[in-house]
Amino acid sequence: MGIDVGGTKTAAVLLSGNGKVLATVTEPTNRSGSPRQCADHLVSLTDGLLRTTGRTRASLDAVGVGLPGLIAPDRTFRDSIILPAWRNVDFGSCLEPRLNIPVVVDNDATMAALGHLAGLPERQRPNCLVCLTLGTGVGGAVLLHGVPMRGPDGTAGQIGHTTVDATGRPCACGATGCLNAYASGTAITSRYLELRADAHSGDDGGGDTAPGAVNLAESLRQEDPSARRALDEAVRALVISISGVVNVLNPELVVLGGGVADLGPSLTEPVQAGVSRRSFPAPARRVRVRRAAHGSLTGAIGAAVTAAGPDGAGRRDPL
C-alpha cells in the first residue's frame, strides 16, 4: 500500500504484487494534527481500504508513506511548511507498531518521481528525471538512474525553494522570491483572488472571493483575464526555475504533479516552450515537460512501489 500525505488531501492506493491498482481512496489532510493523530488516521485509512477488497493487514507486504517535508537520510521527518507542528519525527516508528507491517517513509515529491517511473517501460526511463509537485506547496525531487538525489542533509532536490525573484514575494519558508511563492496551488489561487478583486474594485461584480469557491480551470475556460494572468505568472516562475535546473543537470524529463498539474496542456505546453527558449540549446532540445503519469495518484503509487522494492520493506518489486 502507498499513502501520499498532501497539504490538502491524503491519497492511498492498494497494489497487487504485479503492480495492478486494486483500490484507491482520498481523504482530507488534517494539517494541524500531530504525528500521532496522523498515524491513527493512516491506520484507519489502511484498514478501510483493505476492507473494500475483502483483504486484511496480513495480505500486505509493506506500506509506503510520502510526507510533505524535509526527510533526513535516516528517513526522519525534519520539518515542513506544510506540517508546521512536525519537528524531527521518526514517523515510520510511529506508524509501524500501530499497523504491525513494515513501513517506509520518504519525501512526497521523491515518491511521486518514483511513481512516474512505474508507468514507464524500462527502455523509456530517463537517466535524469526532475519532479515538481505543485500542490499546497511546491515539492521537488531529482532521480539519477532511478535513484533519488538526497545530499548529506537530505535536502537535495528542493527546487520549490530556488529563487525566481530575489526581491519578490515572501515565502512561507522565510525566504523571498521562492518558486513556492509563485507556482504552488496556494500561491496561484491567492494571486488570482487578488487580481480578481482589483479588477472588480468599485463594483459588485467580483462574486464570491472565498478560496474554496475558486475553480481556476473553469475560470481559464471562461477566459477570465485574472485567471490567465495568475497562471502566466506561475508559468514564468516555473520556466525560470526549471531552466536553471535543466542547465545544471541536463535532465531528459521534467515531471509536473500535484493539483496544479491537473490543468494539463494549458500548464505543461507553455512551460515546455519557455524552458526550450531559456535553457542552453542542447539540453533544451532534449528535455521534455510532462504531467505525472498517474495524475493525483502518482505519489501514492510511488510510495507503494518504494515500499515493495528491493530497498524498501517488502518482498516484491512491482516495477
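Residues numbered from 1 in each chain as written. Predicted model: local features only at pLDDT ≥ 70, side-chain atom pairs only at ≥ 80, totals over all residues. Heavy atoms only, no water.

## Quick look at the sheet that holds strand S3 (residues 21–28)
Then comes step 1: Here we have five strands laid out as an open sheet, ordered S3-S2-S1-S4-S7, and mixed in their pairing. What marks the edges here is a single partner per strand, and that holds for S3 and strand S7 (103–107). Shown here is a sheet whose adjacent strand axes are inclined to one another by a mean of 15 degrees, direction ignored.
Then comes step 2: Relative to strand S2 (residues 9–15), strand S1 (residues 2–5) runs antiparallel, the two being bridged by four bridges. By the bridge assignment, Ile 3 is partnered in S2 with Ala 12. (Pairing = 2+ DSSP bridges. Helix = DSSP H or I, 4+ residues; strand = E, 2+ residues; numbered from the N terminus. Axes fitted to C-alpha atoms, helices over the stretch in contact; angles between N-to-C directions.)

## Here we look at the pairing of S2
Then comes step 1: Burial of S2 is extensive: six of the seven residues sit out of reach of the surface.
Then comes step 2: Here S1 folds back onto S2, and the loop between the two strands holds three residues.
Then comes step 3: Sheet topology places S2 next to S3; seven bridges connect them, and they run antiparallel. Among the inter-strand pairings, Leu 15 is bridged to a residue of S3, identified as Val 21.
Then comes step 4: Taken together, S2 and the strand that follows it, S3, pair antiparallel across an intervening segment of five residues, in which Gly 19 is found at a positive phi of about 90 degrees. (Buried < 20%, exposed > 50% of the residue type's maximum accessible area, 1.4 Å probe, protein only.)

## Looking at helix H3 (residues 108–117)
It helps to recall that an α-helix has 3.6 residues per turn; residues three or four apart then point in one direction.
Then comes step 1: For H3, the buried fraction is high: 10 of the 10 residues fall into the buried class.
Then comes step 2: Those residues of H3 that sit buried are Asp 108, Ala 109, Thr 110, Met 111, Ala 112, Ala 113, Leu 114, Gly 115, His 116 and Leu 117.
Then comes step 3: Capping the start of H3 is the job of one residue whose side-chain oxygen sits 2.8 Å from the backbone nitrogen of Ala 109: Asn 107. (Polar contact = N/O pair within 3.5 Å; in protein donor to acceptor, adjacent residues only side chain to side chain.)

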